[in-house]
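# Per-entry structural report
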Amino acid sequence: MGPHPAVAAIRLAVRRVLHDILTEHNRTTDVPAPSSPRAAALRTPSAATSTGAGRSALDTAPAPSYELPGPTAHEPPRAAPHERPPSPLVLVACSGGADSMGLASALAFEAPKLGLRAGGITVDHGLQPGSDLRAEEVALRLRQLGLDPVESIAVNVGRLGGPEAAARDARYAALDDAAERHGAVAVLLGHTRDDQAETVLLGLARGSGIRSLSGMAAVSGAGGRYRRPFLGLDRQTARKACMVQSLPVWDDPHNSDPAYTRSRLRQEGLPALEKALGKGVVEALARTAQLSRDDADALDAWAGQAEAAVRDATGMLECAKLYALPPAVRRRILRRAAIEAGAPAGSLFARHIEEVDRLITGWRGQGAINLPGKVVAQRQGGRLVIRQG
């Protein structure tokens, strides 16, 4: 008898992502791939076809005959001459909740079969009494799953952008640092389809445009560091997988605290939508995220190609040429120009770009537009000038 369907589902989701990670790693390095049967199967044409990868690993080079230097704080250990290099390391970010504990268990089960090392990181935000002890408990559970290395990291959460954004920024900074120190090729995150639906609704409420409606990417971060295997699975599947495996989970009280916007949406907003519109709202929102992401990626590519054509010989933006572009493409060019001039991307909202756009489409001699980061946009002699004020 095979595993419970919920366990099988989370393991399959993780296996697919690990396949991608291993294929990418083998393609971009001359280090020989691990020799486990599953890893070897990945390098055969039939395995590539069955996983949908369709890509072969790079031919490996012989180990150098000279002694290699020792590891630095920001690179993984390197093998001595004629020794097999350490297997690629994949970390899981785990809060102790059902989503991330289910993810950790699936990683611990699947990684060794593919010749990968698996470790875990838990972040103590220090926002609740006893959070340090809870983080150590989570670290202990990760070690009991067989993960190594495992680390508990305490962070200081600031106030910029509100409590949720500040905690998120501190968490990702800690995960980035841990990935660099341990030389990890990827960090797995436990965001589910339900989290994706919530993200889409939050973006809709802000009126932030199609990029915001695209939600969370399955692959994000520098070099594709962050992977989200569970975006196609609902939250209940992860919880069920933990239950049937007798994995203890911790339910963060912040997730039900009405002081937090996402919590109110989770506890009140989505249930109200499902009551009014029927079941399937979460799936529909997640599908909207993927469709929006595809559209946004296409528009970003179009804007990147069009930007050179709307600049003059000195690199200045020409208003007449900008006016001829579709609004969605033109505004992407304007946003990129504002960021290049020093406007913080996180503080640059749709309303700012709309005001700059009026210098192109509704020119009546209006003055300069002030943007975040002390950036100023103004029209001068048929050119749009965006610079530090």
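Report follows, based on the coordinates.

## Thoughts on the side chain of Arg 11
Its location among the elements puts Arg 11 in helix H1 (residues 5-28). Buried charge without a partner: Arg 11 forms no salt bridge, and the closest opposite charge is Glu 110, 5.2 Å away. Contacts of Arg 11, omitting those with residues within four sequence positions, involve Pro 3, Ala 106, Phe 109, Glu 110 and Gln 245.

## Some points on the pairing of strand S9 (residues 375-380)
Relative to S9, strand S8 (residues 369-371) runs antiparallel, the two sharing 3 bridges. The residue of S9 that forms the bridge with Leu 371 is Val 375. Counting the residues between successive antiparallel strands, the hairpin from S8 to S9 contains 3 residues, one of them, Gly 373, with a positive phi of roughly 80°. Where S9 lies against strand S10 (residues 383-388), 6 bridges are found, and the strand directions are antiparallel. Following the sheet pairing, Val 375 is matched in S10 by Gln 388.

## Focus: the packing of helix H7 (residues 193-206) against helix H10 (residues 261-277)
Running from amino to carboxyl end, H7 crosses H10 at an angle of 95°, the nearest separation of the two axes being 10 Å. Classified by the interaxial angle, the pair formed by H7 and H10 is roughly perpendicular. When H7 is examined against H10, the residues Asp 195, Glu 198, Thr 199, Leu 201 and Leu 202 are found in contact with a partner set consisting of Thr 261, Arg 262, Leu 265, Arg 266, Leu 270 and Leu 273. A class-by-class count of the residues in the contact of H7 with H10 yields 5 nonpolar, 2 polar and 4 charged.

## Some details on the nonpolar core
Grouped together as the largest cluster of nonpolar side chains are 36 residues, with contacts concentrated most on Leu 18, Val 90, Leu 107, Leu 142, Leu 147, Leu 188 and Phe 230. Of the residues forming this core, the biggest block, 9 residues, is contributed by H1. Once you skip the residues sitting within four places of it in the chain, Leu 18 turns out to touch Val 90, Leu 107, Glu 110, Ala 111, Leu 114 and Leu 116. One finds Ala 341, Ile 369, Leu 371 and Leu 384 within the second-largest nonpolar core, a separate group that totals 26 residues.

## Some details on helix H13 (residues 327-340)
Helix length check: H13 (14 residues) gives 20 Å between terminal C-alpha atoms against 20 Å at 1.5 Å per residue, within 8%. Among all positions in H13, only Val 329, Arg 330, Arg 332, Ile 333, Leu 334, Ala 337 and Ala 338 are buried. One or two positions beyond H13, positive phi appears at Gly 342, with a value near 120°.

## What to know about the environment of Gly 119
Locating Gly 119 in the fold gives a position in strand S2 (residues 117-124). Here the alpha-carbon distance between Gly 119 and Ala 184, two residues 65 residues apart in the chain, equals 8.9 Å. What Gly 119 contacts, discounting residues up to four positions off in sequence, is Leu 89, Val 90, Leu 91, Val 92, Leu 107, Leu 147, Asp 148 and Pro 149.

## Re the sheet that holds strand S4 (residues 186-188)
The strand order S3-S2-S1-S4-S6-S5 describes an open sheet built from 6 strands, whose pairing is mixed. Of all the strands in the sheet, just strand S3 (150-154) and strand S5 (219-220) have a single pairing partner and so form its edges. As paired elements, strand S1 (residues 89-93) and S4 share 3 bridges and run parallel to each other. Bridged to Leu 91 within S4 is Val 187.

## A few points about the packing of aromatic side chains
One pass over the structure, following the stated rule, counts 1 aromatic pair. Ring geometry for Tyr 172 and Tyr 226: centres 5.1 Å apart, planes at 90°, overall edge-to-face. With Tyr 172 in helix H6 (residues 163-182) and Tyr 226 in strand S6 (residues 226-227), the pair connects residues that are 54 residues apart, well separated along the chain. Since its relative accessible area comes to 4%, Tyr 226 is described here as buried. The ring of Phe 109 carries Arg 11 above its face, with NZ or CZ at 3.5 Å from the centroid.

What counts, and where the lines are drawn
- Residues numbered from 1 in each chain as written.
- Predicted model: local features only at pLDDT ≥ 70, side-chain atom pairs only at ≥ 80, totals over all residues.
- Heavy atoms only, no water.
- Helix = DSSP H or I, 4+ residues; strand = E, 2+ residues; numbered from the N terminus.
- Buried < 20%, exposed > 50% of the residue type's maximum accessible area, 1.4 Å probe, protein only.
- Lys, Arg positive; Asp, Glu negative; His and termini not counted.
- Salt bridge = Lys/Arg side-chain N within 4 Å of Asp/Glu carboxyl O.
- Contact = heavy atoms within 4.5 Å.
- Pairing = 2+ DSSP bridges.
- Axes fitted to C-alpha atoms, helices over the stretch in contact; angles between N-to-C directions.
- Parallel < 35°, antiparallel > 145°, perpendicular 65-115°, else oblique.
- Nonpolar A, V, L, I, M, F, W, Y, C, P; charged D, E, K, R; others polar.
- Core = buried A, V, L, I, M, F, W, Y, C linked by side-chain atoms within 4.5 Å.
- Expected span 1.5 Å × (residues − 1).
- Phe/Tyr/Trp six-rings, centres within 6.5 Å; stacked < 30°, edge-to-face > 60°.
- Lys NZ or Arg CZ within 6 Å of the ring centre and 35° of its normal.

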